[in-house]
Each structure stands twice: as structure tokens, then as C-alpha cells.
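An overview of the molecular structure
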Amino acid sequence: MKLNELTAHELLDLLQDKKTTAEEVYHCVLKRIQEIDPKIKAYVRLNSNHPDFTSLSKSSRIPIPIGIKDNMCIKNTEITCCSRILKGFKPPYNATVIEKLKNVGAPFLGITNMDEFAFGSSTENSCYFPTHNPWDLDRVPGGSSGGSAAAVAAHEAIWALGSDTGGSIRQPAALCGIVGIKPTYGRVSRYGLIAFASSLDQIGTLTKDVTDAAILLNLIAGHDEYDSTSANLPVPDYTLSLIKDVKGFKIGLPKEYFIEGLDKEVNAAIMEAIGVLKKLGASFIEVSLPHTEYAVAAYYIIATVEASSNLARFDGVQYGLREQPQQVRKSPLIDMYEETRDTGFGNEAKRRIMLGTYSLSAGYYDAYYIRGQKVRTLIKNDFEEVFKTCDAVITPTSPTTAFKIGERIHDPLAMYLSDIYTISVNLSGVPAISIPCGFSKEGLPIGLQIIAKPFAEEMMFRITYTYEQSTNWHRRKIQL
Ligand code: GLN
């Protein structure tokens, strides 16, 4: 097997035994990018500063090359959130996660494609180009971290970072047949993550298996004085939870999640996975998350409100693009703001700014935003109740497998509804993971989601590791 097809932990073993070098691994992945990325389009920019391998091999603990989503600040490197409005923006500092990866010597391969400002579930809202699903090039990889997910699935990154506000790590992981984690809100610092919706955003991992997810989460988790919402709690060594045993664990099946709209093949794959876990000693109970039906509505109010506020800073003054109309219309300053924002933002960003601004405006604030926040509390309470009776919850990650490029782009509601299984997790702040659990007849990957109590990522690791070690889904490789 080629080096680029291995997992990070397999490569770390080879490096330890001196059977390969960091330089060899890096160049093998780079060669793969050159071969395959013209078809996949996972990367928007490649790193032109190759690491200095002589110093790296001495100092580096984890020299495993990584892909980074285009919304995490890397000092003096162009970062754009795949928006025209940020073209040319070079942050003057590193995000905390970037700093942490640099400290262990993980080389950056490049910057991965995403929906503009992480608005979307398909990566079609990028200002550059759509990314293609490696399992079927006519289909989307999911989104918004579609570039990171496709890069890992296509073996043009060993692992990658993404961000998840309403499912943007877990859904593309499911659609690309890999492992994706949205950690507990506050587990990973958001410092240097360009904000979409600050009360929902979390940085997380996209990896080929559960072991790699534990290693990568170990590297990025922890309190950070630069992010006041990061939790000041000790971080356990997640690799210690990679134990093949779920005997006595009680897992909840929320009845509101197994409903109309859930693809039959996805449902069948989840049921089969439940069978596997049962054989391994876990028990299942039906649970209820009664406010699930309001989750999409509450999310699209809260997320757009926060987005409209976060995006107000992109006005042509300090960051990226600045445009001036040919003629003065209102005043040179107002014209500059308007022209810059009109040219700089894509359609979905404009739609969200309008939705969010509307919900915040006088007369609608109580009817929409405040009510949305109340629903959010009810959804959070639902999870608290459920976790009194079980250790974790199992659900599909996405109601369908990967859809065709272009299929939903003109129907925002259909696109929003595909987030049904992932957004309650962000509204509640709890952690969740998506892992591969099967393939459709057409050969498209299916993902299952395990949701745990706040800061109980260890439970999530234990269940998914046990499942993964008893199945082979994560070993199936794309033929491209
Ligand atoms: N698909 C959801 C949205 O468009 C979630 C995106 C995300 O998690 N960044 O808002």
C-alpha cells in the first residue's frame, strides 16, 4: 500500500521503526494531490513553503501532513473562507489550533475548499469551484468542510481540520465515508477561526479512522486564554478510550429521528450497525427528543442572526476586497461599503445576512430571535433528559447519501432540511462523531452518528472504536 493511503497512526508506527521518513510521507501525499486533485478539487491553495525536513525530523513529534479548511487563520497566508470578499486577506496571526499543530511539527499541505463562510451542505457555495465526491465525481462531498473530507477520502491528505456549526464536519464525513468529530462546545479553541455563528462553531477533525480522530483531537483540544468560551477543564488522553468493549452501555434511539425522509438504505445500515453493537454487549432503548421538529427553524434563525452580525465587519475597510462604484451614488464611503459587499458576497451569504438582519430588526426580534433562543433551550433540555437514561445516542448523520452536484443548489429549503440530524447537537453544545457504517447499492458511503454528554468524548470514542474494530467499512478504499 502507498504511504498516502495509510492512516496517521500507521504512519507514526512506520516513522518510529524508521521504515519511512516525514519527507517521504509528505512528498507522497503531494504527488497524490498533483495526480488526483484536478478531478476532486479539494484544495483551493497549496502550501508553497515546504517544511524544512532536516529540522522537522529532529524536533517533530507528529510530522503527519494535514489539510486545513479555508477559515482558520495561518499567519501571512491567504485565507478567504472561499469568499470573494476576503480575497488577498493574510491574517497577521495563527489560530490556536494552527499554533498547536505547528508545535508538534505537522506540515500543512494546503487550504481546503468550503462553502462560502461555511454556509452550506455541499461545498457548491465556494467562490472558487465545487468539490467532487471521490466516490462519485458527479456528486457533492457534503459541506461545508467538503474540501477537507474529500481530500482525506481521496488520500490526498492523511487527515484534516474542519469546522462544524450545524453539521459541517459530520455530514461531509458521512458522505465521503470517513470519520468526523464535532467536539463539545468549548473543547477546542475558536481563536483564529473566522466566525460564522460564534455560539455554535467548533473546530474538529476529519480522519480515516477513529484512532486518528483520537490522536488529532488530543493535539487540538484544551483551554485557551484567547477564547473566553473555551472550557477550563483538563483534557483526557483520548487514545486511552480506544478500548474494544461496550458491554453494559446503554444507547438511546431517538424516535423523532427515524421518520419520513430518511432514506431506506441509510435506515437499513443504521439498523445493521445497531445489531453489531448489540452483539458486542450494548443495549438500546427508545428515547424521545420532542423538540426535534423545531430544530431546523431555530437553527436557521440563530445561525443567520449571528452570521449577519459577524459578517458586518467585512465592509472593505480592514479586510480583503475593496470596491468603488464608477459614479458616486450616496457618498463615497457608503458607496464603497455597498459596492464591496455586493461584489464580495455570494448569493447564500447575502440570503443569510438578510435573514439574520430581519430576525434582529425591531418588531421581529422577540418573534424570531428570542423565540429561537427559547427553542434552543428546550432542545438542550431534551438532551439533558435523554442522558439521564442512556450513555449515548445513535442516529443517522445525514438522511440521504451524497446528492448530485446542482441537485439542491436552487432549493435552499431542501438543502437546509438535510441538516436535520446534525444541528440539534450544535444548538445543545454536546459532542458528536460520524463514522462509516455501510454503502448504498450505488456504492455511496453511509454515516452513523454517536452523540454523547458534554465533555464525554471518551464515550463516543469507546463506542465507535468498538464498532470500527468489528467491521470493515473504514477500510474500503476509493478506486481513483
Ligand atoms: N449546513 C449548515 C448550514 O448551512 C451547517 C453549516 C456548518 O456547519 N458550517 O448552516
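The structure under discussion appears in the preceding block.
Residues numbered from 1 in each chain as written. Predicted model: local features only at pLDDT ≥ 70, side-chain atom pairs only at ≥ 80, totals over all residues. Heavy atoms only, no water.

1. Topic: the pattern of salt bridges
Counting across every chain of the model gives 18 salt bridges. In this structure, Lys31 engages Glu35 in a salt bridge whose closest nitrogen and oxygen atoms are separated by 3.6 Å. A residue pair is termed a helical-turn pair when its members lie 3 or 4 positions apart in one helix, as Lys31 and Glu35 do in helix α2 (residues 22-40) at four residues. A salt bridge links Asp164 to Arg170, with the nearest nitrogen and oxygen atoms 2.8 Å apart. (Salt bridge = Lys/Arg side-chain N within 4 Å of Asp/Glu carboxyl O. Helix = DSSP H or I, 4+ residues; strand = E, 2+ residues; numbered from the N terminus.)

2. Details of the site of the ligand
Around the ligand lies a shell of 15 residues, among which Thr165, Gly166, Ser168, Tyr299 and Arg352 are the nearest. Here an oxygen atom of the ligand and a backbone polar atom of Thr165 are 2.8 Å apart. Within the side chain of Ser168, a nitrogen or oxygen atom sits 2.6 Å from a nitrogen atom of the ligand. Starting from 290 Å² of accessible surface for the ligand in isolation, the protein chains cover 99%. Among the residues forming the shell around the ligand, the class breakdown is five nonpolar, seven polar and three charged. (Near = heavy atom within 4 Å. Polar contact = N/O pair within 3.5 Å; in protein donor to acceptor, adjacent residues only side chain to side chain. Areas by Shrake-Rupley, 256 points an atom, 1.4 Å probe, with all protein chains shown as cover. Nonpolar A, V, L, I, M, F, W, Y, C, P; charged D, E, K, R; others polar.)

3. Looking at the sheet that holds strand β6 (residues 202-207)
Adjacent strands of a sheet pair through backbone hydrogen bonds, lying either parallel or antiparallel. Read across the sheet, eleven strands follow the order β1-β3-β2-β4-β6-β5-β10-β11-β9-β7-β8 without closing on themselves; strand pairing throughout is mixed. The two strands at the open ends of the sheet, each matched to only one other strand, are β1 (43-46) and β8 (283-287). This sheet shows a mean twist of 30 degrees between the axes of neighbouring strands, independent of strand direction. Its contacts with the sheet place helix α7 (residues 210-220) against β2 (66-69), β4 (159-164), β5 (179-182), β6 and β10 (432-439), and it is angled at close to 145 degrees to β6. (Pairing = 2+ DSSP bridges. Axes fitted to C-alpha atoms, helices over the stretch in contact; angles between N-to-C directions. Contact = heavy atoms within 4.5 Å.)

4. With respect to the packing of α7 against helix α15 (residues 457-469)
Two numbers describe how α7 lies on α15: the axes approach to 9 Å, and their chain directions differ by 155 degrees. Judged on the interaxial angle alone, α15 and α7 are roughly antiparallel. The segment α7 lies against α15, with Val210, Thr211, Ala213, Ala214 and Leu217 engaging Glu457, Phe461, Thr464, Tyr465 and Glu468. Partitioning the contact of α7 with α15 into residue classes produces six nonpolar, two polar and two charged. (Parallel < 35°, antiparallel > 145°, perpendicular 65-115°, else oblique.)

5. Structural notes on the environment of Gly162
Inspection of the secondary structure puts Gly162 in strand β4. The buried category is assigned to Gly162, whose relative accessible area is 0%. Each C-alpha atom, one on Gly162 and one on Asn381, is 27 Å from the other, the two residues being 219 residues apart in sequence. In contact with Gly162, not counting residues within four places along its chain, are Lys69, Met72, Ser145, Ile169, Gln202, Ile203, Gly204 and Leu206. (Buried < 20%, exposed > 50% of the residue type's maximum accessible area, 1.4 Å probe, protein only.)

6. Quick word on the packing of aromatic side chains
Within the structure shown, the criterion is met by 21 aromatic pairs. Measuring from ring centre to ring centre gives 5.4 Å for Tyr26 and Phe53, while their planes differ by 55 degrees; the resulting arrangement is tilted. Of this pair, Tyr26 sits in helix α2 while Phe53 sits in helix α3 (residues 53-59), and the two are 27 residues apart along the sequence. A relative accessible area of 0% places Tyr26 in the buried class. Phe53 gets classed as buried once you look at its relative accessible area, which sits at 9%. Here the aromatic residues Phe89, Phe117, Phe119, Phe196, Phe314, Tyr319 and Phe345 are joined through ring pairs into a cluster of three or more. The aromatic ring of Phe403 is capped on one face by Arg408, whose charged end is 4.0 Å from the ring centroid. In this structure, Arg476 is placed above the aromatic ring of Phe439, and the distance from its NZ or CZ to the ring centre is 4.0 Å. (Phe/Tyr/Trp six-rings, centres within 6.5 Å; stacked < 30°, edge-to-face > 60°. Lys NZ or Arg CZ within 6 Å of the ring centre and 35° of its normal.)

Coordinates in, geometry out; function isn't part of it.
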